[in-house]
Amino acid sequence: QEAAGGVRAAPRAPGPHNVCRLLSRRAHGFYARDAGVAHRKNLGLLRKIMCQESTKFKNVWTTHSASPIAYERGRIYMDNYQCCISSVAQAPRILYQKSKCSKSEKIEDALLLECPLGEMLPSPSDYKSSLIVLTVQNWLLRLSADSGEVLEKIYLAGSCCKSFRYLSWDTPQEVMVVKTVQNKLPAAARQAGIQQSVLFYLAVFQVLPLSFIGMLEINKKIFGNSVTDVAVSNGILIVMYSMGLVRLYNFKAILEQFMEQPFDLGQEFNWNGQVGVVGKYPFGLPCNIKITDTPPLLFEASSLENAFQIGGYPWHYIITPNKKKHKGVFHICSLKDNALAKNGIQDMKCCSLEPDWIYFHPDMSGRIIHVGPNLIKVLKLKEVKNHTDQMEIAEDFTIIANRENCVNNTVTVTASGRVVKKRFNLLDDDPEQETFKIVDYEDELDLLSTVAVTQIGADGRAHLDFHCNEHGILLKSIPFRESWDVTYSHEVYFDKDLVLHIEQKPNRRFSCYVYQMVCDTAKDD
């Protein structure tokens, strides 16, 4: 180039060639033109502001309802999704209010659908958040999340199946599964000797743009008589049985092997003597995936109440031995060879009305969270020293309930000197002792949140604590203003600068309490 009189290009700045160093530098914001740098910095600032001592969470809004209340990404849904309220503004405001729907239009389940990044979509409305809802009459509707306008509608149930009731993700924001209730014949039909072989139907969709992949049936002739439930998650078909057995199958392989004919929504078809349009009333969707033989089994395990989880690195699974006496005992085993990890039996030996629970940490770190009435243990998998092919369970950190003022003496002495012996000890989750009820993870702020409750008499008090997700250090505690009854059902959502508490009381009475972050000042006090 120089010989030809051209301008020599400036040499490239030396940079790290190691992938780990490159990712680490990017996470710390070394590349200012990276689209995620500003977002990460803003979230870091929000976390610091939120955890300051002067920052408070104020109860800005409370409402009550005779129907369930749901929350999704800054939106509160009431009156069976007919009313949508934004919780982002300083005071919640109504986004839309539809007229009361009839029983035939009742919504059974819903999923929030958000636009994927970096993809070209066919319609401008696809770039905005929408709500996928399933009605009692087997209609699948896509609604605008901001206006409630119907963007798409699909009729699911043709002559072959009825009663679709459940929505779930196979792959979040990519592949959706719609499931029926379990088909059961009426008692009169069973007495007449009529046989029912189909237990469930599953309809599978690609989302944005919404497209039909296929519908399949779960048949007892293929999977057995004792099937109690099915689910699809991360490309795996999970089949559960009444005796505690859980079997896993490759769902993608099933689609490829047993699909008889693909169909598109809106396509005219002639299927098994029926002529109609795919997704339109009254024909609905064809059952175009017929499993004629037992698919290859990937894995099976026996666990109490079908409790089965997979996670960690390398892959491990968690089960409870399939006997009632082992309730509350968890085995952590290698998925590769079923070998029990060293220290892989986790047992808190709780004496409580509500059992402890365990699950893989949702932060994708491979850690495990084990929650008991007064103790939260965050566990990690690590290699056994001098045995690289074996893993052990080690404690990363613990969070302990505040029970300093709790004294549980079995022997007391009265003022007159008489010795009194108690015939029983307090339960570990006795309402008068601080007890953990909810543990959650806020991924954008990287905080572990816990709700602990103490109830004395009819008055229960609860507080939401934020802990450092890496070390478990307590960073912030927020008291709930409302009384907390441990016998009611509660949900708590922590979403950036918002805390939302939904409570279900007896006789289908629901309450919603919204807290927002405020920077407290002396004037406000």
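Our subject is the structure that appears above.
Residues numbered from 1 in each chain as written. Predicted model: local features only at pLDDT ≥ 70, side-chain atom pairs only at ≥ 80, totals over all residues. Heavy atoms only, no water.

1. Some words on empty space enclosed by the protein
Here is step 1 of the chain: Counting across every chain of the model gives 1 cavity of 30 Å³ or more.
Here is step 2 of the chain: Size it by volume and the largest cavity reaches roughly 40 Å³.
Here is step 3 of the chain: As for the largest cavity, its lining consists of I438, D440, S449, T450, V451, L464, V492, Y493 and F494.
Here is step 4 of the chain: Mapped onto the lining of the largest cavity, the elements with two or more residues apiece are β30 (435-442), β31 (447-456) and β34 (489-495).
Here is step 5 of the chain: When the residues that make up the lining of the largest cavity are grouped by side-chain class, the tally is 6 nonpolar, 2 polar and 1 charged. (1 Å grid on protein atoms, 1.4 Å probe; cavity = no way out; pocket = protein on both sides within 12 Å on 5 of 7 lines; lining within 4 Å. Points joined across faces, edges and corners; volume = space filled by probe spheres on them. Helix = DSSP H or I, 4+ residues; strand = E, 2+ residues; numbered from the N terminus. Nonpolar A, V, L, I, M, F, W, Y, C, P; charged D, E, K, R; others polar.)

2. Focus: the environment of K100
Here is step 1 of the chain: Its location among the elements puts K100 in the loop between β5 (93-97) and β6 (107-113).
Here is step 2 of the chain: Overall, the relative accessible area of 83% leaves K100 in the exposed class. (Buried < 20%, exposed > 50% of the residue type's maximum accessible area, 1.4 Å probe, protein only.)

3. Digging into helix α5 (residues 251-258)
Here is step 1 of the chain: Looking only at α5, the buried set comprises F251, I254, L255 and F258. Down the axis of α5, the buried set is contained in an arc of 100°. They therefore lie on one face. Looking at α5, the residues exposed on the side facing more than 90 degrees away from the buried face are K252, E256 and Q257.
Here is step 2 of the chain: Capping the start of α5 is the job of one residue whose side-chain oxygen sits 3.1 Å from the backbone nitrogen of K252: N250. (Arc of directions from axis to C-beta. Polar contact = N/O pair within 3.5 Å; in protein donor to acceptor, adjacent residues only side chain to side chain.)

4. A closer look at the side chain of H463
Here is step 1 of the chain: Within the secondary structure layout, H463 lies in strand β32 (residues 459-468).
Here is step 2 of the chain: At 2.8 Å, the side chain of H463 and the side chain of E434 are in polar contact.
Here is step 3 of the chain: Dropping the residues within four chain positions of it, H463 is found in contact with E434, T450, V451, A452, S477, I478, P479 and F480. (Contact = heavy atoms within 4.5 Å.)

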